[in-house]
Amino acid sequence: MRRRHRETFTTIKTEGNLLPVDLLQRITEGDGNLDGLTPDSYHLTKNERLNEAINRAWSRCEGAWRGFRTESETLPDSDAGTTITRERWLLALFQELGYGRLLTSKSREIDGKQ
């Protein structure tokens, strides 16, 4: 019987079977039978390391989030923050996720209301 490695993941709490401990263990061990664990899976250049790409993306998103939070704290109560949410947070996040620069669209009218 295979032993579970629950003590390895002291900062991760999983519910249900979405991320079972066995899968997390296989990821940690770099199991070659799992897809998505190589730089090729993310279209990185030949000498680019996966953990470095992850760190760059995380740092960019973290910086964008901090800037967004700082700016959003100074908004007047009358401003819902839609523009800075889109410009300072969501566009950076979607770019890191590979969506590029998303275009805004007009809201649709339903029963005469937008």
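The notes below deal with the structure included here. (Residues numbered from 1 in each chain as written. Predicted model: local features only at pLDDT ≥ 70, side-chain atom pairs only at ≥ 80, totals over all residues. Heavy atoms only, no water.)

### Some words on a nonpolar patch on the surface
Residues Leu97, Tyr99 and Leu102 make up a contiguous nonpolar surface patch of about 320 Å² in total accessible area. Along the chain, the position of Leu97 falls in the segment after helix 3 (82–96). (Patch = residues over 30% accessible without salt bridge, like charges linked within 9 Å, V, L, I, M, F, W, Y side chains within 5 Å. Areas by Shrake-Rupley, 256 points an atom, 1.4 Å probe, with all protein chains shown as cover. Salt bridge = Lys/Arg side-chain N within 4 Å of Asp/Glu carboxyl O. Helix = DSSP H or I, 4+ residues; strand = E, 2+ residues; numbered from the N terminus.)

### Here we look at the nonpolar core
Core analysis: the biggest nonpolar cluster contains six residues, these being Cys61, Ala64, Phe68, Ile84, Trp89 and Ala92. If sequence neighbours within four positions are ignored, Ala64 has contacts with Arg88, Trp89 and Ala92. (Core = buried A, V, L, I, M, F, W, Y, C linked by side-chain atoms within 4.5 Å. Buried < 20%, exposed > 50% of the residue type's maximum accessible area, 1.4 Å probe, protein only. Contact = heavy atoms within 4.5 Å.)

### Some remarks on the environment of Asp31
Position of Asp31 relative to the elements: it lies in the loop between helix 1 (21–29) and helix 2 (50–72). A sequence separation of 52 residues divides Asp31 from Thr83, and the C-alpha atoms of the two residues are 43 Å apart. Reaching out from Asp31, the side chain makes a polar contact with the side chain of Arg26 at a distance of 2.7 Å. (Polar contact = N/O pair within 3.5 Å; in protein donor to acceptor, adjacent residues only side chain to side chain.)

### Topic: the pattern of salt bridges
When charged atoms on two side chains of opposite charge get close, those side chains can pair. Under the definition given, this model contains eight salt bridges. When the shortest N-O distance is used, the salt bridge between Asp31 and Arg26 registers 2.7 Å. Exposure remark for Arg26: the relative accessible area of 25% places this residue in the partly exposed category. Two residues, Glu52 and Arg49, come together in a salt bridge whose shortest N-O distance is 3.7 Å. Residue classification places Glu52 among the partly exposed residues on the basis of a relative accessible area of 36%. Residues participating in the shared-partner salt-bridge network are Arg86, Glu87 and Arg101.

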